[in-house]
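Observations on the three-dimensional arrangement
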Amino acid sequence: MKMSEDKHKIVRKEDMVWEHGMYDQTEMAYLWEDEETGRVAFLVKLEPGARIPFHDHPRREVAFLVEGEVWLNDDLMKKGDFLTAIDQEAHDVYTEKGCTFFIYIDYNIEKHRFEKIEK
């Protein structure tokens, strides 16, 4: 029995589409996006020696290291480690051995700003 799309979504490993990432030596597989809120979930692979330059986050980032090791600034993450980066927190990313992250980006504050109500 097939569940309706509003109940849940399964993306099979063999159906994941890997494409060039935003940076050299990276690949991304988008898994899910909520266009209304801007929330998105995806996988990112970094090849050995890959670097993502110093950057900040306009939204909350939640990440789980699926495999490998990676440095975020001076902090080493290993397989199974969890990260959350708050809005506007900056870090760089570097891996000597390669790694794969699962990443979830929360609510898009650029799309959905609350306006002050004047009394």
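Description of the structure in this document. The shown structure was predicted, so the numbers you read here are calculated from the model rather than taken from an experiment.

1. A few points about the pattern of salt bridges
For the coordinates displayed, the defined rule picks out three salt bridges. Between Arg39 and Asp106 there is a salt bridge, with the nearest N and O atoms lying 2.9 Å from each other. One end of the pair, Arg39, is in strand β3 (residues 39-46); the other, Asp106, is in the segment after β9 (99-105), with 67 residues separating them in the sequence. Of the charged contacts, one joins Lys97 and Glu69 as a salt bridge, the two residues approaching to 3.7 Å between their closest N and O atoms. On the criterion of sequence distance, the pair formed by Lys97 in the loop between β8 (91-94) and β9 and Glu69 in strand β5 (residues 61-72) is long-range, its members being 28 residues apart. Taking the relative accessible area as the measure of exposure, Lys97 reaches 58% and is therefore exposed.

2. Notes on the packing of aromatic side chains
Considering all chains together, one arrives at two aromatic pairs under this definition. Ring geometry for Tyr30 versus Phe42: centroids 5.5 Å apart, planes at 45 degrees, classification tilted. Of this pair, Tyr30 sits in strand β2 (residues 26-34) while Phe42 sits in strand β3; the two residues are 12 residues apart in sequence, bridging distant segments of the chain. Take Tyr30: its relative accessible area is 46%, and that puts it in the partly exposed class. Exposure remark for Phe42: the relative accessible area of 9% places this residue in the buried category. Over the ring of Trp18 we find Lys45; its NZ or CZ atom is 4.3 Å from the centre of that ring.

What counts as what
- Residues numbered from 1 in each chain as written.
- Predicted model: local features only at pLDDT ≥ 70, side-chain atom pairs only at ≥ 80, totals over all residues.
- Heavy atoms only, no water.
- Salt bridge = Lys/Arg side-chain N within 4 Å of Asp/Glu carboxyl O.
- Helix = DSSP H or I, 4+ residues; strand = E, 2+ residues; numbered from the N terminus.
- Buried < 20%, exposed > 50% of the residue type's maximum accessible area, 1.4 Å probe, protein only.
- Phe/Tyr/Trp six-rings, centres within 6.5 Å; stacked < 30°, edge-to-face > 60°.
- Lys NZ or Arg CZ within 6 Å of the ring centre and 35° of its normal.

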